[in-house]
Amino acid sequence: TGVQTCALPISHVEHDNIVPALRTITKAIQLGLQPDRIMFESVLQGLCMRPMSSSEILSIFDSLVNKGLEPSINTVAIVVKALSISKKWSAALQFLSSVQKRFGLRPEARLYAQLGLASLKADDAQSATQIYEHMLQVTGPSAVSSGAMSRLLRDCIQLDIPEAKAFAFRSEERRVGK
């Protein structure tokens, strides 16, 4: 039945079986059923279960788009999270750069902030700086609110990594034009 077919991708993903989940979605389409956002997003969430290559993550995302997924900021955030878990910072930046042209979605500053924070947690302050600079180019300084910066500063201080703290303070100085 349709309900069983909808539950199967989630079950596969819970067991780290992305390929069978994709096959289930393909089979549902062949049976005349249209997968819903929950089915698609459950497969995307499966990409966050373990590190994967960026080509594998992006290939699965593109496959879902070809099967009818209409990307949203939420689906973009899931893909960015999967790329972050895999420490694929440049692939995540390229992906964020492509979503406006491909899907008409404007990446939010929070997506860059989450990506930058993940790189800081991975002890990669150089990538965090590149991510922050890219965020300013794409979203503009006015899109980066003082509230977002205060949260970033707080998170960097809590990391207790000297490079993260220095990055946070440099970033705030750039944002306010000092």
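Just so you know, the residues in each chain are numbered from 1, in the order the chain's sequence is written. A pLDDT threshold of at least 70 governs which residues receive local features in this predicted model, and a stricter bar of 80 or more applies before side-chain atom pairs are shown or counted, although totals over entire chains, interfaces and linings include all residues. The side-chain quantities take in all heavy atoms of the structure and omit both hydrogens and water.

Note on ring pairs: Phe, Tyr and Trp rings are taken, using the six-membered ring of Trp, and paired if centres are within 6.5 Å. Classes follow the plane angle, with under 30 degrees stacked, over 60 edge-to-face and the rest tilted. Per the stated rule, a full pass over the model turns up two aromatic pairs. Between Phe61 and Phe95 the ring centres are 5.2 Å apart and the planes differ by 85°, which places this aromatic pair in the edge-to-face class. In this pair, Phe61 is assigned in helix H4 (residues 54-66) and Phe95 in helix H6 (residues 89-103), connecting sequence segments 34 residues apart. Phe61 gets classed as buried once you look at its relative accessible area, which sits at 0%. Ring centres of Phe61 and Phe103 lie 5.9 Å apart, and the angle between their planes is 85°; this geometry places the pair in the edge-to-face category. Helix and strand assignments come from DSSP, with helices taken as H or I runs of at least 4 residues and strands as E runs of at least 2, each series counted from the N terminus. Exposure classes here rest on a 1.4 Å probe applied to the protein chains alone. A residue is buried below 20% of its type maximum, exposed above 50%, and partly exposed in between.

Tracing the chain through its elements places Ser127 in helix H8 (residues 125-139). With relative accessibility at 12%, the residue Ser127 sits in the buried group. Two N or O atoms form a polar contact when they lie within 3.5 Å of each other; inside protein one atom must be a possible hydrogen donor and the other a possible acceptor, and for residues adjacent in sequence the pair counts only when both atoms belong to side chains. Here the side chain of Ser127 touches Asp124 through a polar contact of 2.8 Å, side chain to side chain. Contacts between residues were defined by any pair of non-hydrogen atoms, one from each residue, lying within 4.5 Å. If near-sequence neighbours (up to four positions away) are discounted, Ser127 is found in contact with Trp89 and Ser119.

Next up on the list: the environment of Gly104. You can see Gly104 is positioned in the loop between H6 and helix H7 (109-121). Assessed through its relative accessible area of 59%, Gly104 is described here as exposed. Residues Gly104 and Pro71, 33 residues apart in the sequence, show an inter-C-alpha distance of 9.4 Å.

Let's shift gears to the side chain of Thr75. Relative to the elements of secondary structure, Thr75 occurs in helix H5 (residues 73-85). For Thr75, the side chain forms a polar contact with the main-chain nitrogen of Ser72, separated by 2.7 Å.

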